[in-house]
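If you want the building blocks of each chain, they are given just below.
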Amino acid sequence: MSIARRLADLFRIKANKALDQAEDPREVLDYSYERQLEMLTKVRRGVADVATSRKRLELQLTQLQQASDRLQEQATQAIDLGRDDLAREALTRRAALATQMADITAQRDGLTAEEAKLTTAATRLQARVEAFRTRKETIKATYTAAEAQTRVGEAVSGISEEMGDVGMAVQRAEDRTAQMQARAGAIDELLASGAIQDATASTAGRDDLQAALDAARGDQGVDRELAALKAGRPTPAVGGRPEPRAVGGGQPDEEAQR
């Protein structure tokens, strides 16, 4: 039972939290106002029903009063004609009508009092509904302004969900850009060092030919240096200009100086 109760409490907590997040105070206020209007309409309809019943009783009283007056005239006419029996009958019926009229009058007075109460209640309820409507509109306007201010503040500070997504996208783009720049730099270094070859610059056959030419140039340089050493001449420097070099510790000859 304790586990079931805890699960129920947890479910209610989660449900209340979800409802709080999804609930819009403006919609709640509008719904409450609509319910109050419905209640006011019911009270007014009740007042109208009571007033209708009261009016119906008043019409019955009017009809009974007319019947009573007619019986009174008939009793008078019967007495004038010397028909006491008819006069007695008319008066008996008039007395029964008087009893009915008394009952109906009591019902009418009760409905009149009820109508007065309902009218007062309707008036008070209408005043409360109007006050609630004014307060509702004020709260809605304040909430809307606060919501707009909050959204602007979140957008400016970058803590809103939309701006957070934009910031994450920018961060990812910057990370990818830095990664691509680092990769491009590494490839350039590898190409410059010869660790990898540029596949778009030449074919495999051309690479072999270039390597052979470079090796031949190196061999020619070594042969020239060897020949110069054998001839006792200065070793030619890079660029084709000879460097002065003394043989046997003596002074260079005139041609070398020239």
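1. Some remarks on the nonpolar core
Phase 1: Core analysis: the largest hydrophobic core is formed by eleven residues, namely L57, L61, L64, L71, A75, A78, A87, A90, L97, M101 and I104.
Phase 2: Broken down by secondary-structure element, the contributors of at least two residues to this core are helix 2 (25-80) and helix 3 (84-157).
Phase 3: Residues in contact with L97, not counting those within four places in the same chain, are L64, A67, S68 and L71.

2. As for the side chain of K136
Phase 1: Within the secondary structure, K136 is located in helix 3.
Phase 2: Residues within four places of K136 in sequence aside, it is in contact with L29, D30 and Y33.

3. Here's the deal with the confidence of the model for the chain
Phase 1: Confidence along the chain averages 78 in pLDDT terms, with 67% of residues attaining 70 or more.
Phase 2: Taken element by element, the predicted model of the chain shows its lowest mean pLDDT in helix 6 (residues 254-257) (45) and its highest in helix 2 (91).
Phase 3: In the model, residues 245-258 has pLDDT below 50 throughout and makes six contacts with residues more than four positions away in sequence or in other chains.

4. Structural notes on the packing of aromatic side chains
Phase 1: By the definition in use, this model includes zero aromatic pairs.
Phase 2: One residue, K136, lies across the ring of Y33, its end atom 5.1 Å from the ring centre.

5. Regarding the side chain of R54
Phase 1: The residue R54 is located in helix 2 in this model.
Phase 2: Using a relative accessible area of 18% as the deciding quantity, one classes R54 as buried.
Phase 3: Among the polar contacts made by the side chain of R54, one reaches the side chain of E58 at a distance of 2.9 Å.
Phase 4: If near-sequence neighbours (up to four positions away) are discounted, R54 is found in contact with R108, L111, T112 and E115.

6. Thoughts on the environment of A67
Phase 1: Its place among the elements puts A67 in helix 2.
Phase 2: For A67, a relative accessible area of 28% translates into the label partly exposed.

Rules used in this analysis
- Residues numbered from 1 in each chain as written.
- Predicted model: local features only at pLDDT ≥ 70, side-chain atom pairs only at ≥ 80, totals over all residues.
- Heavy atoms only, no water.
- Core = buried A, V, L, I, M, F, W, Y, C linked by side-chain atoms within 4.5 Å.
- Buried < 20%, exposed > 50% of the residue type's maximum accessible area, 1.4 Å probe, protein only.
- Helix = DSSP H or I, 4+ residues; strand = E, 2+ residues; numbered from the N terminus.
- Contact = heavy atoms within 4.5 Å.
- pLDDT = per-residue confidence, 0-100.
- Phe/Tyr/Trp six-rings, centres within 6.5 Å; stacked < 30°, edge-to-face > 60°.
- Lys NZ or Arg CZ within 6 Å of the ring centre and 35° of its normal.
- Polar contact = N/O pair within 3.5 Å; in protein donor to acceptor, adjacent residues only side chain to side chain.

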